[in-house]
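Residue-level listing of the chains:
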Amino acid sequence: MSAARTPAPRIAVVGAAAAGLAAAEGLRRLGWDGEITLVGDEPHPPYDRPPLSKHVLSGGWEPERTALRDAGQLSELGLDLRLGTRAVAYDPGRRALTLGDAGQTVLRCAGVIAATGVAPRTLPGGDAVEGVHVLRTLDDALALHRRLATPGRRLVVVGSGVLGAEAAAVARALGHQVTLVGTEDTVMGRVLGPKVGRLLADVHRAHGVALRSGQAVTGIRAEAGRATGAVLADGTVLEADDVLLAIGSVPAVDWLRGPGAEAAGLDLSDGLRCDEFCAAAPGLYGAGDVARWYHPGLGRELRIEHRMNASEQGLAAARNLLAELDPERFGERRPFTPVPYFWSDQYDLKLQAHGVLAGADRIEVRTLGEDPLKLAALYGTADRATGILTIGLTPRQTRSLRALIATPAPWPEAITGLTETVAA
Ligand SMILES: Cc1cc2nc3c(=O)[nH]c(=O)nc-3n(C[C@H](O)[C@H](O)[C@H](O)COP(=O)(O)OP(=O)(O)OC[C@H]3O[C@@H](n4cnc5c(N)ncnc54)[C@H](O)[C@@H]3O)c2cc1C
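Note that this is a predicted model, so its numbers are computed, not measured. Per chain, the residues get numbers from 1 upward, laid out in the order the sequence is written. The model is predicted, so local features are restricted to residues of pLDDT at least 70 and side-chain atom pairs to those at 80 or more, both for listing and for counting; the totals for chains, interfaces and linings are taken over all residues. Only hydrogens and water are set aside; all other atoms, that is, all heavy atoms of the structure, feed into the side-chain values.

Undergrad: How would you summarise the UniProt feature "domain: FAD/NAD(P)-binding" (unreviewed entry) in the chain if you had to cite specific residues and measurements?
TA: UniProt positions are given in the numbering used here, feature names are shortened, and annotations may be inferred rather than shown by experiment. Cross-referencing UniProt, the feature "domain: FAD/NAD(P)-binding" (unreviewed entry) maps to residues 10–314 in the present numbering. Along residues 10–314 the backbone is 25% helical and 30% strand, and the end-to-end C-alpha distance reaches 17 Å. The helix and strand labels rest on DSSP assignments: H or I over at least four residues marks a helix, E over at least two residues marks a strand, and numbering proceeds from the N terminus.

Undergrad: Go over the side chain of Gln 397, please, and point to the residues and values.
TA: By the secondary structure assignment, Gln 397 is in helix α11 (residues 395–406). Identification of polar contacts relies on pairs of N or O atoms within 3.5 Å, with a donor-acceptor requirement for protein atoms, meaning one able to donate a hydrogen and the other able to accept it, and with residues adjacent in sequence counted only if both atoms are side-chain atoms. For Gln 397, the side chain forms a polar contact with the main-chain nitrogen of Thr 394, separated by 3.0 Å. At a separation of 3.4 Å, a polar atom in the side chain of Gln 397 contacts the main-chain carbonyl oxygen of Thr 421. Excluding its chain neighbours within four sequence positions, the residues that come into contact with Gln 397 are Leu 368, Thr 421, Val 422 and Ala 424. The criterion used for residue contact is that any of the two residues' heavy atoms lie within 4.5 Å.

Undergrad: Lay out unusual backbone geometry with the relevant residues and their values.
TA: Across the chain, the bulk of peptide bonds are trans and the bulk of non-glycine residues have phi less than zero. Cis geometry is adopted by the peptide bond preceding Pro 408, which originates at Thr 407 and carries an omega value of -10°. Locating Pro 408 in the fold gives a position in the loop between α11 and α12 (411–423). Phi is positive for Arg 95, which is not a glycine, with a value near 50°. By the secondary structure assignment, Arg 95 is in the loop between β4 (87–91) and β5 (96–99).

Undergrad: Outline the site of the ligand, supporting the account with residue identities and numerical values.
TA: Around the ligand, the surrounding shell holds 34 residues, and the nearest of these are Asp 41, Glu 42, Arg 49, Lys 54 and Arg 136. Interatomic distance of 2.7 Å between a side-chain N/O atom of Lys 54 and an oxygen atom of the ligand. Here a nitrogen atom of the ligand sits 3.0 Å away from a polar atom, N or O, in the main chain of Trp 343. Starting from 1000 Å² of accessible surface for the ligand in isolation, the protein chains cover 94%. Taken together, the elements giving at least two residues each to the shell around the ligand come down to α1 (18–29), β2 (35–40), α5 (162–173), α9 (307–325) and β23 (341–346). Among the residues making up the shell around the ligand, the classes are represented as 16 nonpolar, 8 polar and 10 charged. Residues are counted as near a molecule or strand when any one of their heavy atoms sits within 4 Å of it. Methods summary: accessible areas were calculated by the Shrake-Rupley approach with a probe of 1.4 Å, and residue burial reflects only the protein chains presented. Following the grouping adopted for this structure description, the nonpolar residues are Ala, Val, Leu, Ile, Met, Phe, Trp, Tyr, Cys and Pro, the charged ones are Asp, Glu, Lys and Arg, and the polar ones are all others, Gly among them.

Undergrad: So, α5: which residues are in play, and what are the values?
TA: Expected span of a helix, by definition, is 1.5 Å for each gap between consecutive residues, and there is one gap fewer than residues. The terminal C-alpha atoms of α5 lie 17 Å apart, and with 12 residues this matches the ideal 16 Å at 1.5 Å per residue to within 8%. Think of it in three bands: residues with accessible area under 20% of the maximum for their type are buried, residues over 50% are exposed, and the middle band is partly exposed, with areas taken using a 1.4 Å probe on protein chains only. For α5, the full list of buried residues reads Gly 164, Ala 165, Glu 166, Ala 167, Ala 168, Ala 169, Val 170 and Ala 171. A positive backbone phi angle near 95° is found at Gly 175, which sits one or two residues after α5.

Undergrad: Just give me the short version of empty space enclosed by the protein, but keep the residues and values in it.
TA: Each cavity reported here is a set of points on a 1 Å grid over the protein atoms alone in which a 1.4 Å probe fits but cannot get out, each pocket an open set with protein on both sides within 12 Å along at least five of seven lines, and each lining residue one with an atom within 4 Å of a point. Grid points are joined across faces, edges and corners, and a volume is the space filled by probe spheres set on the points. Counted under the stated rule, the structure contains 1 cavity of 30 Å³ or more. Roughly 30 Å³ of volume is contained in the largest cavity. What lines the largest cavity is simply Ser 160, Leu 180, Gly 182, Glu 184, Thr 186, Val 187, Leu 211, Arg 212 and Ser 213. Broken down by secondary-structure element, the contributors of at least two residues to the lining of the largest cavity are β11 (177–182) and β12 (210–213). The leading source of residues in the lining of the largest cavity is β12, at 3 residues. Partitioning the lining of the largest cavity into residue classes produces 3 nonpolar, 4 polar and 2 charged.

Undergrad: How would you summarise the pattern of salt bridges if you had to cite specific residues and measurements?
TA: Salt bridges are identified by distance alone: a Lys or Arg side-chain nitrogen within 4 Å of an Asp or Glu carboxyl oxygen. Across all of its chains, the model carries 25 salt bridges by this definition. With its nearest N and O atoms 2.6 Å apart, the salt bridge here joins Arg 153 to Asp 242. Highlighted residues: Arg 153 in the loop between α4 (138–148) and β10 (154–158) and Asp 242 in strand β16 (residues 242–245), separated in sequence by 89 residues. Considered together, Arg 153 and Asp 242 belong to a single accessibility category, that of buried residues. Between Asp 345 and Lys 350 there is a salt bridge, with the nearest N and O atoms lying 2.8 Å from each other. Through salt bridges that share partners, Glu 130, Arg 147, Arg 153 and Asp 242 make up one connected network.

Undergrad: Kindly report on the sheet that holds β2, identifying the contributing residues and their values.
TA: In spatial order, the strands read β3-β2-β1-β7-β20-β19; together these 6 strands make up an open sheet with mixed pairing. The open sheet is flanked by β3 (80–83) and β19 (279–281), the only strands paired with a single partner. For this sheet the average axis-to-axis angle between neighbouring strands, irrespective of direction, equals 20°. Pairing of β2 with β3 involves 4 bridges; the strand directions are parallel. Among the inter-strand pairings, Gly 40 is bridged to a residue of β3, identified as Leu 83. The axes used here are C-alpha line fits, helices contributing only the stretch in contact, and every angle between their N-to-C directions lies in the interval 0 to 180 degrees. Docked against the sheet, α1 engages β1 (10–14), β2 and β7 (111–114), running at close to 160° with respect to β1. For two strands to pair, DSSP has to find at least two bridges joining them.

Undergrad: Tell me about the nonpolar core, residues and numbers included.
TA: We define a nonpolar core as any set of buried Ala, Val, Leu, Ile, Met, Phe, Trp, Tyr and Cys residues linked to one another through side-chain atoms lying within 4.5 Å. Counting residues in each nonpolar core, the largest one holds 59 residues, and the members touching the most others are Leu 97, Ile 113 and Leu 256. Discounting chain neighbours no more than four positions away, the residues touching Ile 113 are Ala 12, Val 13, Val 14, Ala 23, Leu 27, Tyr 285, Ala 287, Ala 317, Ala 318 and Leu 321.

Put into structure tokens, the structure is as follows:
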């Protein structure tokens, strides 16, 4: 008579993209030899999002090139990979994850890593209207790319943040008529501040983008199920063949809501609230765009929608979950204290930001010589510098500026460092 075998313990990672993949890879690399179930509601194996608004939209890249790993690399991880499957509920008390598959499978888990990212905001009246787009997934990017394959389209981009700015730049480079609508008279000004935001607005104007600022788009005008324009708050209609909504996003936490979440005290008010170890409850960790966590170095909570953070936090969540499950084997949990980083490509400009720009009450901008598009900007508070932005600087200059905020330096000292770096 054979002895009954205990099933291998399982860790489920929900969300099969940058953060989820990093978590799954981290679990294996750190020595987890139990089951890893990676659940993703998209049909595609994990792929990268930053190229979507750049190379996929422009047609420069075939979609396959966005894959984060090839089939062989994924198979080596020995995953229980469930693509095209939504997680619909999680009960942290019972550690029970319910999938939205035909059998409503319930998986008992030793731990769960939530890496479900964010979903784009939309506008009323825009659903199921041909020519109304969002840009979050590979399928979204391919759909808009196909529309832009027809020359001479009129594209209205709603939202002048990073996503809207990148899409506008690509559409202009393809020769389309582009209107960029934002509530402020800047591009990315909410994050980068008014001075840099105005500079970027000038760059877009110089490339032929029509900027409509100080106006919100309140709806879509459609005829026979096709978009014909975007309606501004004052009633003006901007005629369009296509409208791209780039108006922000909401964290994908619906699957975490429910009585179990309430009993466990989960806070889902702006993403999944986690502590400095990326833990939201015993056995439940968060990573990537969906996770709001306490950054002890900065003394505040952050939720960061940047590509590098997704990978770094996926790995950190994996490490800390393992340490919680088996501290003797995996060691102590460690706080997650990164220096955040993001970049954006618009026309021939590369913007790079290290640290935290949001929440700064002072910004110091320095240009390199006469060229206004070669610049470094320092962001911070009276106490200290928290972030830097560079455009057109050498990697060496960017590295030395990063050092100012990684430490972090007091504001006056950081200003001296900024001046010296820009003069070097
Ligand atoms: C077009 C675009 C361009 C970008 N460009 C840049 C850039 O230049 N620089 C930069 O730093 N950052 C950029 N970003 C941001 C960066 O890509 C994200 O920060 C990163 O992809 C976040 O990874 P994530 O794994 O946390 O979330 P996501 O990539 O959103 O992945 C979450 C996954 O979980 C799935 N999911 C959601 N709910 C469920 C559920 N209930 N069950 C199962 N699966 C679920 C989602 O469908 C998705 O596949 C860009 C983002 C976009 C969309």
